[in-house]
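# Coordinates in review
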Amino acid sequence: MENYMKAKGRIFDIQKYSIHDGPGIRTIVFLKGCALRCRWCCNPESQEFDIQTMMFEGKEKVMGYDVTVEDVMPAILQDTFYYNRSGGGVTLSGGEALLQPNFGPHLLHACKDYGINTAIETTGFARWEFIEKYLPYLDYVLMDIKHMNSAKHKEFTTQPNELIHENAKRIAESGMVDLTIRVPVIPTFNATPEEIYDIAMFAASLKGVKKLHLLPYHRLGQGKYDGLGREYKLDGIDLIPNEYMQELLEVAKKSGLKCQIGG
């Protein structure tokens, strides 16, 4: 155990008492770096692996710092009581946590040594040899499937989707984790009944997958783009009315999966 406690990684936040990133009450560790540039990303400070400076409430804020597993574990262990009582645990998020394979799996390994439930929120855009390192230490994978059309996926995220879909199939077929598919529902991108139906049917084709979460578009991270001196490319896009989200939910349910809004 001592050896991998020294593994180094780069994170930008640790969030406690989350109830939206896996079952129960969870601690979320946000890792720096992502290969995608989704137009709606609410954590743009997570995309670059480099440590950045962002203007926040009129002051400069450093985004990103280097840690070891040993550095992070005390913050995680503080809330063991809440994990045990609620069925919660630790979730790795980002950025894309799969892109730090010399840190993420070791952090998960340490959590498992303490009997803590583990999860990851992922785009699935990573080499399979990286993903294989994480799977033995994960209970849950919460994976985005954003679109079935690769050209449109690339237009809105800068990357095609073939690798993501292949990884979703391989993770499902591994039988090692509980895989839930998430769909960020984004106006102008994938918020039509036809597009949601196609994604839901793909999710239903994945071995063992039972759950699909529709995540409505929001603008909670828009101000961060100004703080980073970047353009928010969905500026002016309206939120999705609740009634329409319910309609999309009913469409998704045709897949036979257990579907919900949020989660």
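What this report covers is the structure whose coordinates are included nearby. Please read these numbers as outputs of a predicted model, since none were measured by experiment. Every chain is numbered on its own, with residues counted from 1 as its sequence reads. It should be noted that, the model being predicted, local features are given only for residues of pLDDT at least 70 and side-chain atom pairs only at 80 or more, the latter also being counted only at that level, while totals for whole chains, interfaces and linings use all residues. Only hydrogens and water are set aside when side-chain values are computed; all heavy atoms of the structure are taken into account.

## Things to note about the overall build of the chain
A tally of helices and strands in the chain yields nine helices and eleven strands. Atoms considered for the radius of gyration are the C-alpha atoms alone. The globule rule reads 2.2 Å times the number of residues to the power 0.38. Relative to the compact-globule value of 18 Å for 263 residues, the chain shows a C-alpha radius of gyration of 18 Å, a close match. Across its three principal directions, the C-alpha atoms of the chain cover 50 × 45 × 35 Å. Counting the 263 residues in the chain, one finds 53% classified as buried. For the chain, the proportion of contacts with a sequence separation of at least 24, taken over those separated by at least 6, is 71%. Each helix is a run of H or I in the DSSP string that is no shorter than four residues. Each strand is a run of E no shorter than two, and both are numbered from the N terminus. The buried label goes to any residue with under 20% of its type's maximum accessible area, the exposed label to any with over 50%, and the partly exposed label to all in between, with areas taken from a 1.4 Å probe on protein chains only. Here, residues are in contact when the closest pair of their heavy atoms is within 4.5 Å.

## Digging into the nonpolar core
Counting 72 residues, the largest nonpolar core has Ile-76, Leu-92, Leu-212 and Leu-214 as its most contacted members. With five residues, the top contributor of residues to this core is helix H7 (residues 193-205). By nonpolar core we mean a set of buried residues, namely Ala, Val, Leu, Ile, Met, Phe, Trp, Tyr and Cys, connected to one another through side-chain atoms within 4.5 Å. Listed in part, the six residues of the second largest apolar core include Phe-12, Phe-30, Met-54 and Leu-228.

## Thoughts on the sheet that holds strand E9 (residues 178-185)
Within a sheet, each strand pairs with its neighbour through backbone hydrogen bonds, oriented either parallel or antiparallel. Strand order in this open sheet of nine strands is E5-E1-E2-E6-E7-E8-E9-E10-E11, and the pairing throughout is mixed. Of all strands in the sheet, those bounded by a partner on one side alone are strand E5 (65-68) and strand E11 (258-261). In this sheet, adjacent strand axes meet at a mean angle of 30° when their direction is disregarded. To obtain each axis, a line is fitted to C-alpha atoms, and for helices this fit is confined to the stretch in contact; angles are then taken between N-to-C directions over 0 to 180 degrees. Running over the sheet, helix H6 (residues 162-174) touches strand E8 (140-144) and E9 and is turned about 160° from E8. Against the sheet, H7 contacts E9 and strand E10 (211-216), and its axis sits at roughly 170° relative to E9. Pairing between two strands requires that DSSP report at least two bridges joining them.

## A word on the packing of helix H1 (residues 69-77) against helix H3 (residues 104-113)
H3 packs onto H1 with a crossing angle of 45° between their chain directions and a minimal axis gap of 10 Å. With respect to H3, the axis of H1 lies oblique. Considering the relative orientation of H1 and H3, their crossing is right-handed. Within the contact between the two elements, H1 uses Val-69, Val-72, Met-73 and Ile-76 and H3 uses His-106, Leu-107, Ala-110 and Cys-111. Angular relationships are summarised with four words: roughly parallel below 35 degrees, roughly antiparallel beyond 145, roughly perpendicular across 65 to 115, and oblique for the angles in between. In this scheme the crossing of two helices becomes right-handed for a clockwise turn of the near helix relative to the far one and left-handed for an anticlockwise turn of less than a right angle.

## A few points about the pattern of salt bridges
Just to be clear on terms, a salt bridge is a Lys or Arg side-chain nitrogen sitting within 4 Å of an Asp or Glu carboxyl oxygen. Under the defined criterion, the tally for this structure stands at twelve salt bridges. Put simply, Glu-250 and Lys-253 hold a salt bridge, and the shortest N to O gap is 3.5 Å. With Glu-250 and Lys-253 both in helix H9 (residues 242-253) and three residues apart, this pair spans about one turn of that helix. Among the residues examined, Lys-253 registers a relative accessible area of 37% and is labelled partly exposed.

## As for the packing of aromatic side chains
Centre distance within 6.5 Å is the pairing criterion for rings of Phe, Tyr and Trp, where only the six-membered ring of Trp is used; planes under 30 degrees apart are then read as stacked, over 60 as edge-to-face, and the remainder as tilted. All told, the structure shown has six aromatic pairs when counted by the stated rule. Arranged with centres 5.5 Å apart and planes meeting at 50°, the rings of Phe-12 and Phe-30 form a pair that is tilted. Pair noted here: Phe-12 is in strand E1 (residues 8-18) and Phe-30 is in strand E2 (residues 26-31), with a separation of 18 residues, a long-range link. Judged on exposure class, the residue Phe-12 and its partner Phe-30 are both buried. Measuring from ring centre to ring centre gives 5.0 Å for Tyr-225 and Tyr-232, while their planes differ by 65°; the resulting arrangement is edge-to-face. Connected via pairs of aromatic rings, a cluster forms that spans Tyr-17, Phe-81 and Tyr-82.

## Side note on the packing of H7 against H9
Between H7 and H9, the shortest axis-to-axis distance is 8 Å and the interhelical angle comes to 40°. In this view, H7 runs oblique relative to H9, as classed from their interaxial angle. As for the relative orientation of H7 and H9, their crossing is right-handed in sense. For the pair H7 and H9, the contacting residues are Pro-193, Ile-196, Tyr-197 and Ala-200 in the first and Tyr-244, Leu-248, Val-251 and Ala-252 in the second.

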